[in-house]
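What the coordinates show
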Amino acid sequence: MNTAFNKLVLASSNEGKCREFAQLLAPLAIDIVTQASLGVTEAEEPYATFVENALIKARHASRHTGLPALADDSGLCIEALNGAPGVLSARYAGEPKSDARNNARLIEQLQDATNRRARYVCVLVLTHAADDPAPLIACGEWQGEIIASPRGSNGFGYDPYFLLPDGRTAAEMAAEEKNAVSHRGVATRVLMAQLRQRLSENG
Ligand code: IMP
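Throughout this description, residue numbers start from 1 for each chain and increase along the sequence as written. pLDDT decides what is reported in this predicted model: residues at 70 or higher carry local features, side-chain atom pairs at 80 or more are listed and counted, and totals for whole chains, interfaces and linings draw on all residues regardless. As a convention, hydrogens and water are excluded, and side-chain values are obtained from all of the structure's heavy atoms.

1. Focus on the packing of aromatic side chains
Pairing of aromatic side chains here covers Phe, Tyr and the six-membered ring of Trp, requires ring centres within 6.5 Å, and sorts the geometry by plane angle: under 30 degrees stacked, over 60 edge-to-face, intermediate tilted. Applying the stated criterion to the full structure yields three aromatic pairs. Between the aromatic rings of Trp142 and Phe162, the centroid separation amounts to 5.4 Å while the plane-to-plane angle is 50°, which identifies the pairing as tilted. In this pair, Trp142 sits in strand β5 (residues 136–146) while Phe162 sits in strand β6 (residues 162–163), placing the two residues 20 residues apart along the sequence. Taken together, Tyr120, Trp142 and Phe162 form an aromatic cluster joined through their ring pairs. The ring of Tyr92 has Arg105 lying over it, and the distance from NZ or CZ to the ring centre is 4.2 Å. Every helix listed is a DSSP run of H or I at least four residues long, and every strand listed is a run of E at least two residues long, numbered separately from the N terminus. Only Lys NZ and Arg CZ are tested; either one counts as a charge over a ring when it is within 6 Å of the ring centre and within 35 degrees of the ring normal.

Written as structure tokens, this is what we have:
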């Protein structure tokens, strides 16, 4: 399979994510477009693991566009809850999606917990084609613990409750600072290194 390419489809309709990845891919001279801009609808995410859901999303986008595809899947895993909310993080409190209701449910579930250890996980998958036997897979994790009262107004989702070892919550960090250490930042840098390697092997 030829692994050299100059255009990639992002298996998401999120223009913000697309802009972020476009910046990261610019040095590699790779253009990126959202699947929505090519008329591709979002894939189902039926699995219990981030990697399976990211893989099915990337494959779906490659299948419907004939292009290499990049997909991400991420969420929060709590040790005392056996890894929940995990792949259900965005909809932990049901539909419609609500950060406020998700956080309220999480705090209620952890009311009596002494072990409050948590980690954010992000998996990125890049398929060169729908039948790619060796997709690139990168994982990033970020360790913290869940506090009972929110602090900070940056970030999104569970960030005001996610306490880092330095005593700040993720919502008390500037965006660039968070990107430098977060699960998404780590996974992105790992994927970029893998991609550079693949492209250099291709001459
Ligand atoms: P997505 O699939 O990457 O858009 O994220 C899935 C869900 O996981 C989000 O809706 C959030 O609830 C949670 N999540 C993932 N990453 C973060 C983060 O960096 N901060 C807060 N919540 C996050």
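2. A short note on the pairing of strand β1 (residues 7–10)
Summarising the sheet, β1 and strand β2 (residues 31–34) pair through four bridges and their orientation is parallel. Along β2, the bridge assignment pairs Leu8 with Ile32. When the strands point away from the viewer, a crossover counts as right-handed if the route from the first strand across the helix to the second turns clockwise. Traced from β1 through helix α1 (residues 15–25) to β2, the parallel crossover comes out right-handed. One bridge is not enough; two strands pair if DSSP finds at least two bridges between them.

3. Re the sheet that holds strand β4 (residues 117–127)
With mixed pairing, six strands are arranged side by side in an open sheet as β2-β1-β3-β4-β5-β6. For this open sheet the edge positions go to β2 and β6, each flanked by a neighbour on one side alone. With two bridges connecting them, β5 and β6 associate as antiparallel partners. Looking at the pairing, Glu145 lines up with Leu163 of β6.

4. Looking at the packing of α1 against helix α5 (residues 183–201)
Note on method: axes are straight lines fitted to C-alpha atoms, helices fitted across the in-contact stretch only, with angles between N-to-C directions ranging 0 to 180 degrees. Where α1 contacts α5, the two axes come as close as 11 Å, and the packing angle between them is 45°. One element, α1, and the other, α5, form an angle in the oblique class. For α1 against α5, the interelement crossing comes out right-handed. Contacts from Phe21, Leu24 and Leu25 of α1 reach α5 at Thr188, Met192 and Leu195. Each residue receives one of three labels: charged for Asp, Glu, Lys and Arg, nonpolar for Ala, Val, Leu, Ile, Met, Phe, Trp, Tyr, Cys and Pro, and polar for the others, Gly being one of them. Tallied by class, residues from the contact of α1 with α5 come to five nonpolar, one polar and no charged. Note on terminology: angles under 35 degrees are roughly parallel, angles over 145 are roughly antiparallel, angles of 65 to 115 are roughly perpendicular, and the others are oblique. Two helices cross in a left-handed way if the nearer one is turned anticlockwise from the farther one by less than a right angle. They cross in a right-handed way if the turn is clockwise. Between two residues, a contact is recorded if the distance between any of their heavy atoms is within 4.5 Å.

5. Structural notes on unusual backbone geometry
Along the chain, Ala84 connects to Pro85 via a cis peptide bond; the corresponding omega equals 0°. Between Glu95 and Pro96 the backbone carries a cis peptide bond, its omega angle lying at -10°. Looking at the secondary structure, you find Pro96 in the loop between β3 (69–78) and α3 (99–109). Positioned with a positive phi, Ala29 is a non-glycine residue whose angle comes to about 55°. For Ala29, the position within the fold is in the loop between α1 and β2. Look at Asn82: it is not a glycine, yet its phi comes out positive at around 55°. Along the chain, the position of Asn82 falls in the loop between β3 and α3.

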